[in-house]
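# An overview of the molecular structure
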Amino acid sequence: MLRVVNLILFLIASHPTVFHCRPSHRRRMPNSEVVPDYFQMGPGTLKIPNTLYKENRKRVCDALISANTPRGSVLFFQGGAQLQQYDTDRDIEFQQESYFMWLFGVMESDFYGAVDVDTAQSILFMPRLPSSYAVWMGALKTPEYFKKRYGVDNVYYTDEIMTILGQLRPSALLIMSGVNSDSKSEFTVPSFEGMDSFKIDTSTLYNIIAECRVIKSDEEMKVMRYSSQVSCEAHREVMKLMRPGRMEYEGEATFKHYTYMKGGMRFTGYTCICASGENAAVLHYGHAGEPNDKRVNDGDMLLFDMGAEYAGYTADITVSFPASGKFTESQKFVYNTCLKANKAV
(Lines give C-alpha, C1' and ligand atoms only; values in the text may rest on other atoms or scores of the structure.)
Protein backbone atom coordinates (compact mmCIF):
# COMPACT_ATOMS: atom_id res chain seq x y z
CA MET A 1 0.00 0.00 0.00
CA LEU A 2 2.81 2.43 0.89
CA ARG A 3 4.47 1.88 -2.51
CA VAL A 4 1.15 2.63 -4.26
CA VAL A 5 0.76 5.86 -2.27
CA ASN A 6 4.31 6.91 -3.15
CA LEU A 7 3.65 6.20 -6.83
CA ILE A 8 0.50 8.35 -6.79
CA LEU A 9 2.38 11.20 -5.11
CA PHE A 10 5.13 10.92 -7.75
CA LEU A 11 2.59 11.10 -10.59
CA ILE A 12 0.88 14.12 -9.04
CA ALA A 13 4.20 15.93 -8.65
CA SER A 14 5.26 15.02 -12.21
CA HIS A 15 1.95 15.88 -13.94
CA PRO A 16 0.21 18.65 -11.96
CA THR A 17 -2.07 19.71 -14.83
CA VAL A 18 -3.46 16.19 -15.24
CA PHE A 19 -4.29 16.01 -11.55
CA HIS A 20 -5.56 19.64 -11.45
CA CYS A 21 -3.11 20.80 -8.82
CA ARG A 22 0.03 22.90 -8.84
CA PRO A 23 2.73 22.18 -6.26
CA SER A 24 4.43 25.21 -4.76
CA HIS A 25 7.75 24.03 -6.14
CA ARG A 26 8.96 21.31 -8.46
CA ARG A 27 12.18 19.35 -8.46
CA ARG A 28 14.39 20.55 -11.29
CA MET A 29 15.30 17.94 -13.86
CA PRO A 30 18.95 17.00 -14.25
CA ASN A 31 19.45 18.99 -17.46
CA SER A 32 18.51 22.22 -15.65
CA GLU A 33 20.42 21.53 -12.46
CA VAL A 34 23.84 22.86 -11.62
CA VAL A 35 25.84 19.71 -12.26
CA PRO A 36 28.85 19.23 -9.95
CA ASP A 37 32.23 18.52 -11.53
CA TYR A 38 33.32 16.53 -8.49
CA PHE A 39 32.24 13.65 -6.27
CA GLN A 40 31.18 14.31 -2.69
CA MET A 41 28.80 12.28 -0.54
CA GLY A 42 27.71 15.19 1.62
CA PRO A 43 28.74 18.16 3.76
CA GLY A 44 31.96 17.51 5.60
CA THR A 45 32.98 14.59 3.39
CA LEU A 46 35.89 14.72 0.96
CA LYS A 47 35.38 16.43 -2.39
CA ILE A 48 37.08 14.59 -5.27
CA PRO A 49 37.53 16.63 -8.49
CA ASN A 50 36.99 15.02 -11.89
CA THR A 51 40.56 15.98 -12.72
CA LEU A 52 41.71 12.99 -10.65
CA TYR A 53 40.23 10.61 -13.24
CA LYS A 54 41.32 12.77 -16.16
CA GLU A 55 44.89 12.55 -14.85
CA ASN A 56 44.56 8.77 -14.52
CA ARG A 57 43.49 8.51 -18.16
CA LYS A 58 46.38 10.71 -19.26
CA ARG A 59 48.89 8.62 -17.30
CA VAL A 60 47.72 5.43 -19.02
CA CYS A 61 47.87 7.04 -22.45
CA ASP A 62 51.38 8.38 -21.79
CA ALA A 63 52.51 4.94 -20.64
CA LEU A 64 51.06 3.31 -23.75
CA ILE A 65 52.74 5.86 -26.02
CA SER A 66 56.04 5.24 -24.24
CA ALA A 67 55.53 1.51 -24.91
CA ASN A 68 55.29 2.29 -28.67
CA THR A 69 51.59 1.49 -28.94
CA PRO A 70 50.50 2.02 -32.58
CA ARG A 71 49.06 5.45 -33.31
CA GLY A 72 45.29 5.62 -33.61
CA SER A 73 44.69 3.04 -30.86
CA VAL A 74 41.64 3.42 -28.63
CA LEU A 75 41.12 1.99 -25.13
CA PHE A 76 37.73 0.36 -24.71
CA PHE A 77 36.24 -0.59 -21.33
CA GLN A 78 33.03 -2.08 -20.04
CA GLY A 79 31.83 -0.92 -16.63
CA GLY A 80 30.12 -3.07 -14.05
CA ALA A 81 26.63 -4.44 -14.68
CA GLN A 82 23.67 -4.28 -12.34
CA LEU A 83 22.85 -7.82 -11.21
CA GLN A 84 19.94 -9.37 -9.35
CA GLN A 85 20.29 -11.74 -6.43
CA TYR A 86 19.98 -15.22 -7.92
CA ASP A 87 16.47 -15.65 -9.43
CA THR A 88 14.85 -12.77 -7.52
CA ASP A 89 14.06 -9.21 -8.60
CA ARG A 90 16.21 -7.83 -5.79
CA ASP A 91 19.10 -5.71 -7.06
CA ILE A 92 22.49 -6.52 -5.57
CA GLU A 93 23.90 -3.27 -4.19
CA PHE A 94 26.04 -2.01 -7.07
CA GLN A 95 29.72 -1.19 -6.88
CA GLN A 96 31.61 -0.09 -9.96
CA GLU A 97 34.28 -2.31 -11.53
CA SER A 98 37.63 -1.12 -10.17
CA TYR A 99 39.50 -0.32 -13.39
CA PHE A 100 36.49 1.49 -14.86
CA MET A 101 36.10 3.47 -11.64
CA TRP A 102 39.80 4.39 -11.69
CA LEU A 103 39.55 5.72 -15.25
CA PHE A 104 36.18 7.47 -15.22
CA GLY A 105 34.82 7.78 -11.67
CA VAL A 106 31.40 6.63 -12.86
CA MET A 107 29.10 5.49 -10.05
CA GLU A 108 26.26 4.14 -12.21
CA SER A 109 26.03 0.65 -13.69
CA ASP A 110 26.01 -0.55 -17.31
CA PHE A 111 28.28 2.13 -18.79
CA TYR A 112 31.04 1.67 -21.36
CA GLY A 113 34.01 3.96 -21.94
CA ALA A 114 36.62 4.72 -24.60
CA VAL A 115 39.82 6.76 -24.55
CA ASP A 116 41.84 7.88 -27.60
CA VAL A 117 45.46 7.01 -26.79
CA ASP A 118 46.96 9.80 -28.92
CA THR A 119 44.89 12.63 -27.43
CA ALA A 120 43.55 11.16 -24.15
CA GLN A 121 40.09 12.35 -25.20
CA SER A 122 37.38 10.33 -23.50
CA ILE A 123 33.92 9.01 -24.33
CA LEU A 124 31.27 7.47 -22.10
CA PHE A 125 28.43 5.32 -23.39
CA MET A 126 25.37 5.35 -21.15
CA PRO A 127 22.43 2.90 -21.20
CA ARG A 128 19.31 4.12 -22.99
CA LEU A 129 16.71 3.59 -20.27
CA PRO A 130 12.93 3.34 -20.79
CA SER A 131 10.72 6.15 -19.50
CA SER A 132 9.25 3.76 -16.92
CA TYR A 133 12.64 3.77 -15.18
CA ALA A 134 11.85 7.19 -13.75
CA VAL A 135 8.94 5.84 -11.67
CA TRP A 136 11.12 3.34 -9.85
CA MET A 137 14.61 4.80 -9.89
CA GLY A 138 14.32 8.57 -10.34
CA ALA A 139 14.49 11.14 -13.12
CA LEU A 140 16.32 10.13 -16.30
CA LYS A 141 19.61 11.92 -16.77
CA THR A 142 20.80 13.14 -20.14
CA PRO A 143 24.12 12.66 -21.98
CA GLU A 144 24.88 16.33 -21.32
CA TYR A 145 24.41 15.75 -17.59
CA PHE A 146 26.92 12.91 -17.53
CA LYS A 147 29.35 14.85 -19.70
CA LYS A 148 29.46 17.62 -17.10
CA ARG A 149 29.23 15.29 -14.12
CA TYR A 150 32.23 13.14 -15.08
CA GLY A 151 34.27 15.65 -17.07
CA VAL A 152 34.56 13.58 -20.25
CA ASP A 153 34.70 14.92 -23.79
CA ASN A 154 31.57 13.20 -25.13
CA VAL A 155 28.71 10.98 -24.00
CA TYR A 156 26.57 8.76 -26.22
CA TYR A 157 24.20 5.83 -25.70
CA THR A 158 25.38 2.23 -25.63
CA ASP A 159 23.34 1.44 -28.75
CA GLU A 160 25.58 3.95 -30.57
CA ILE A 161 28.90 2.27 -29.72
CA MET A 162 29.35 0.70 -33.14
CA THR A 163 28.54 3.96 -34.95
CA ILE A 164 30.83 6.16 -32.86
CA LEU A 165 33.78 3.76 -32.87
CA GLY A 166 33.29 3.35 -36.60
CA GLN A 167 33.64 7.11 -37.01
CA LEU A 168 36.85 7.07 -34.95
CA ARG A 169 38.32 4.35 -37.19
CA PRO A 170 40.80 3.10 -34.57
CA SER A 171 43.89 1.23 -35.70
CA ALA A 172 43.13 -1.14 -32.81
CA LEU A 173 40.84 -1.43 -29.82
CA LEU A 174 42.92 -2.06 -26.70
CA ILE A 175 40.88 -4.41 -24.52
CA MET A 176 41.53 -5.53 -20.94
CA SER A 177 42.37 -9.21 -20.67
CA GLY A 178 44.36 -10.78 -17.87
CA VAL A 179 44.38 -12.62 -14.54
CA ASN A 180 44.25 -10.88 -11.18
CA SER A 181 47.40 -11.84 -9.28
CA ASP A 182 45.53 -11.99 -5.94
CA SER A 183 42.22 -13.66 -6.77
CA LYS A 184 43.48 -15.58 -9.83
CA SER A 185 40.21 -14.57 -11.51
CA GLU A 186 40.20 -13.56 -15.15
CA PHE A 187 39.15 -10.05 -16.13
CA THR A 188 35.80 -10.01 -17.93
CA VAL A 189 36.54 -9.08 -21.54
CA PRO A 190 34.14 -6.37 -22.80
CA SER A 191 31.88 -7.09 -25.72
CA PHE A 192 29.38 -5.29 -27.95
CA GLU A 193 27.56 -6.07 -31.17
CA GLY A 194 29.87 -5.61 -34.15
CA MET A 195 33.06 -5.76 -32.08
CA ASP A 196 34.56 -8.38 -34.39
CA SER A 197 34.74 -5.79 -37.19
CA PHE A 198 37.61 -4.03 -35.36
CA LYS A 199 41.17 -5.13 -34.80
CA ILE A 200 41.29 -6.22 -31.16
CA ASP A 201 44.45 -6.11 -29.03
CA THR A 202 44.11 -8.02 -25.74
CA SER A 203 47.81 -8.29 -24.90
CA THR A 204 48.97 -4.68 -24.44
CA LEU A 205 46.74 -2.95 -21.92
CA TYR A 206 46.42 -5.08 -18.79
CA ASN A 207 49.98 -4.95 -17.43
CA ILE A 208 50.43 -1.28 -18.30
CA ILE A 209 47.26 -0.03 -16.62
CA ALA A 210 47.81 -2.30 -13.61
CA GLU A 211 51.25 -0.74 -13.14
CA CYS A 212 49.78 2.77 -13.48
CA ARG A 213 47.31 2.01 -10.68
CA VAL A 214 50.14 0.96 -8.36
CA ILE A 215 51.70 4.43 -8.41
CA LYS A 216 49.27 6.90 -6.84
CA SER A 217 48.92 10.55 -7.81
CA ASP A 218 48.77 13.33 -5.22
CA GLU A 219 44.98 13.54 -5.63
CA GLU A 220 44.65 9.79 -5.11
CA MET A 221 46.78 9.99 -1.97
CA LYS A 222 44.37 12.57 -0.56
CA VAL A 223 41.48 10.15 -0.99
CA MET A 224 43.43 7.26 0.54
CA ARG A 225 44.40 9.41 3.52
CA TYR A 226 40.75 10.37 3.97
CA SER A 227 39.60 6.74 3.91
CA SER A 228 42.34 5.84 6.37
CA GLN A 229 41.62 8.75 8.71
CA VAL A 230 37.91 8.01 8.99
CA SER A 231 38.60 4.29 9.35
CA CYS A 232 41.07 5.01 12.19
CA GLU A 233 38.48 7.11 13.97
CA ALA A 234 35.95 4.30 13.59
CA HIS A 235 38.39 1.75 15.02
CA ARG A 236 38.82 3.98 18.08
CA GLU A 237 35.04 4.04 18.56
CA VAL A 238 35.00 0.26 18.34
CA MET A 239 37.78 -0.05 20.93
CA LYS A 240 35.78 2.15 23.32
CA LEU A 241 32.73 -0.09 22.89
CA MET A 242 34.16 -3.59 23.09
CA ARG A 243 34.41 -5.40 26.42
CA PRO A 244 33.68 -8.89 27.75
CA GLY A 245 30.04 -9.81 27.13
CA ARG A 246 29.74 -7.91 23.85
CA MET A 247 29.24 -9.76 20.56
CA GLU A 248 31.86 -9.56 17.84
CA TYR A 249 29.32 -8.22 15.34
CA GLU A 250 28.74 -5.18 17.55
CA GLY A 251 32.23 -4.08 16.60
CA GLU A 252 31.42 -4.51 12.91
CA ALA A 253 28.14 -2.61 13.29
CA THR A 254 29.84 0.28 15.10
CA PHE A 255 32.57 0.53 12.46
CA LYS A 256 30.12 0.59 9.55
CA HIS A 257 27.85 3.06 11.29
CA TYR A 258 30.65 5.51 12.05
CA THR A 259 32.30 5.41 8.63
CA TYR A 260 29.00 5.91 6.79
CA MET A 261 27.56 8.52 9.17
CA LYS A 262 30.76 10.55 9.59
CA GLY A 263 32.61 9.81 6.35
CA GLY A 264 29.91 9.11 3.77
CA MET A 265 31.43 5.68 3.18
CA ARG A 266 28.70 3.32 2.09
CA PHE A 267 30.97 0.34 1.59
CA THR A 268 33.86 -1.39 3.27
CA GLY A 269 36.79 -2.53 1.15
CA TYR A 270 36.35 -6.16 2.25
CA THR A 271 34.37 -8.28 4.70
CA CYS A 272 34.91 -7.05 8.25
CA ILE A 273 36.98 -9.40 10.43
CA CYS A 274 35.99 -9.03 14.09
CA ALA A 275 37.70 -11.93 15.78
CA SER A 276 38.00 -12.68 19.47
CA GLY A 277 39.97 -15.39 21.22
CA GLU A 278 40.94 -18.32 19.01
CA ASN A 279 38.98 -16.85 16.08
CA ALA A 280 41.84 -14.39 15.63
CA ALA A 281 43.91 -17.26 14.24
CA VAL A 282 41.52 -17.62 11.26
CA LEU A 283 42.85 -15.39 8.48
CA HIS A 284 39.51 -14.57 6.85
CA TYR A 285 37.15 -14.96 9.76
CA GLY A 286 33.86 -13.08 9.38
CA HIS A 287 32.57 -14.96 6.32
CA ALA A 288 29.00 -16.24 5.98
CA GLY A 289 29.75 -19.41 7.96
CA GLU A 290 31.44 -17.46 10.77
CA PRO A 291 29.68 -14.08 10.72
CA ASN A 292 31.43 -12.40 13.66
CA ASP A 293 28.94 -14.06 15.99
CA LYS A 294 30.98 -15.13 19.03
CA ARG A 295 30.48 -13.59 22.45
CA VAL A 296 33.62 -11.84 23.72
CA ASN A 297 35.04 -13.42 26.86
CA ASP A 298 37.16 -11.94 29.63
CA GLY A 299 40.80 -12.60 28.80
CA ASP A 300 40.23 -12.64 25.01
CA MET A 301 42.48 -10.76 22.63
CA LEU A 302 40.52 -9.01 19.90
CA LEU A 303 41.78 -8.76 16.33
CA PHE A 304 39.69 -6.40 14.21
CA ASP A 305 40.57 -5.99 10.52
CA MET A 306 38.31 -3.40 8.86
CA GLY A 307 38.67 -0.65 6.29
CA ALA A 308 36.12 1.72 4.77
CA GLU A 309 35.99 2.65 1.09
CA TYR A 310 35.38 6.06 -0.46
CA ALA A 311 34.97 6.45 -4.23
CA GLY A 312 36.76 3.18 -4.84
CA TYR A 313 39.73 3.88 -2.52
CA THR A 314 39.84 1.75 0.60
CA ALA A 315 41.68 1.67 3.90
CA ASP A 316 42.99 -1.61 5.31
CA ILE A 317 43.60 -1.44 9.06
CA THR A 318 44.13 -4.19 11.62
CA VAL A 319 44.20 -3.60 15.37
CA SER A 320 44.74 -5.98 18.29
CA PHE A 321 43.79 -5.23 21.89
CA PRO A 322 42.64 -7.06 25.04
CA ALA A 323 38.90 -7.24 25.65
CA SER A 324 39.41 -6.41 29.32
CA GLY A 325 41.45 -3.32 28.51
CA LYS A 326 44.62 -4.76 30.05
CA PHE A 327 47.17 -7.17 28.59
CA THR A 328 48.13 -10.32 30.41
CA GLU A 329 51.89 -10.92 30.60
CA SER A 330 51.81 -13.46 27.75
CA GLN A 331 49.62 -11.20 25.60
CA LYS A 332 51.96 -8.29 26.27
CA PHE A 333 54.99 -10.36 25.22
CA VAL A 334 53.43 -11.48 21.91
CA TYR A 335 52.06 -8.01 21.17
CA ASN A 336 55.37 -6.24 21.79
CA THR A 337 57.30 -8.85 19.79
CA CYS A 338 55.02 -8.31 16.78
CA LEU A 339 55.20 -4.55 17.22
CA LYS A 340 59.02 -4.61 17.18
CA ALA A 341 59.00 -6.74 14.03
CA ASN A 342 56.57 -4.35 12.39
CA LYS A 343 58.70 -1.32 13.19
CA ALA A 344 61.86 -3.09 12.02
CA VAL A 345 60.31 -3.75 8.62
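Before going into details, it helps to say that this report is about the structure given with it. In this text, all values refer to a predicted model and were calculated from it rather than measured experimentally.

Cut-offs and rules
- Residues numbered from 1 in each chain as written.
- Predicted model: local features only at pLDDT ≥ 70, side-chain atom pairs only at ≥ 80, totals over all residues.
- Heavy atoms only, no water.
- Patch = residues over 30% accessible without salt bridge, like charges linked within 9 Å, V, L, I, M, F, W, Y side chains within 5 Å.
- Areas by Shrake-Rupley, 256 points an atom, 1.4 Å probe, with all protein chains shown as cover.
- Salt bridge = Lys/Arg side-chain N within 4 Å of Asp/Glu carboxyl O.
- Helix = DSSP H or I, 4+ residues; strand = E, 2+ residues; numbered from the N terminus.
- Buried < 20%, exposed > 50% of the residue type's maximum accessible area, 1.4 Å probe, protein only.
- Contact = heavy atoms within 4.5 Å.
- Pairing = 2+ DSSP bridges.
- Axes fitted to C-alpha atoms, helices over the stretch in contact; angles between N-to-C directions.

### Points about a nonpolar patch on the surface
On the surface, Val135, Trp136 and Met137 cluster together to form a nonpolar patch covering roughly 350 Å² of accessible area. Structurally, tryptophan 136 can be placed in helix α4 (residues 133–137). Exposure remark for tryptophan 136: the relative accessible area of 61% places this residue in the exposed category.

### Here's the deal with the side chain of serine 73
Residue placement: serine 73 occurs in strand β3 (residues 73–78). If near-sequence neighbours (up to four positions away) are discounted, serine 73 is found in contact with Val115, Asp116, Val117, Ser171, Ala172 and Leu174.

### Here's the deal with the pattern of salt bridges
In the structure shown here, the tally under the stated rule is 11 salt bridges. Two residues, aspartate 300 and lysine 294, come together in a salt bridge whose shortest N-O distance is 2.8 Å. Ionic pairing is found between glutamate 329 and lysine 332, a salt bridge with its closest N-O pair at 3.6 Å. With glutamate 329 and lysine 332 both in helix α10 (residues 329–344), this residue pair falls 3 residues apart, about one helical turn.

### Observations concerning the sheet that holds strand β5 (residues 122–126)
A sheet is described by the order of its strands in space; here 6 strands give the open sequence β6-β5-β4-β3-β7-β8, paired in mixed fashion. Looking at strand neighbours, the two that pair on one side only are β6 (154–157) and β8 (200–201), the edges of this open sheet. Two strands pair when backbone bridges link them, and β5 and β6 are joined in this way by 4 bridges, in the parallel orientation. Within β6, the residue paired with methionine 126 across the bridge is tyrosine 157. Lying over the sheet, helix α5 (residues 143–150) contacts β5 and β6, oriented at roughly 140° with respect to β6. The strands touched by helix α6 (residues 161–168) are β3, β4 (112–116), β5, β6 and β7 (172–175); relative to β5, the strand with the most contacts, the crossing angle is about 165°.

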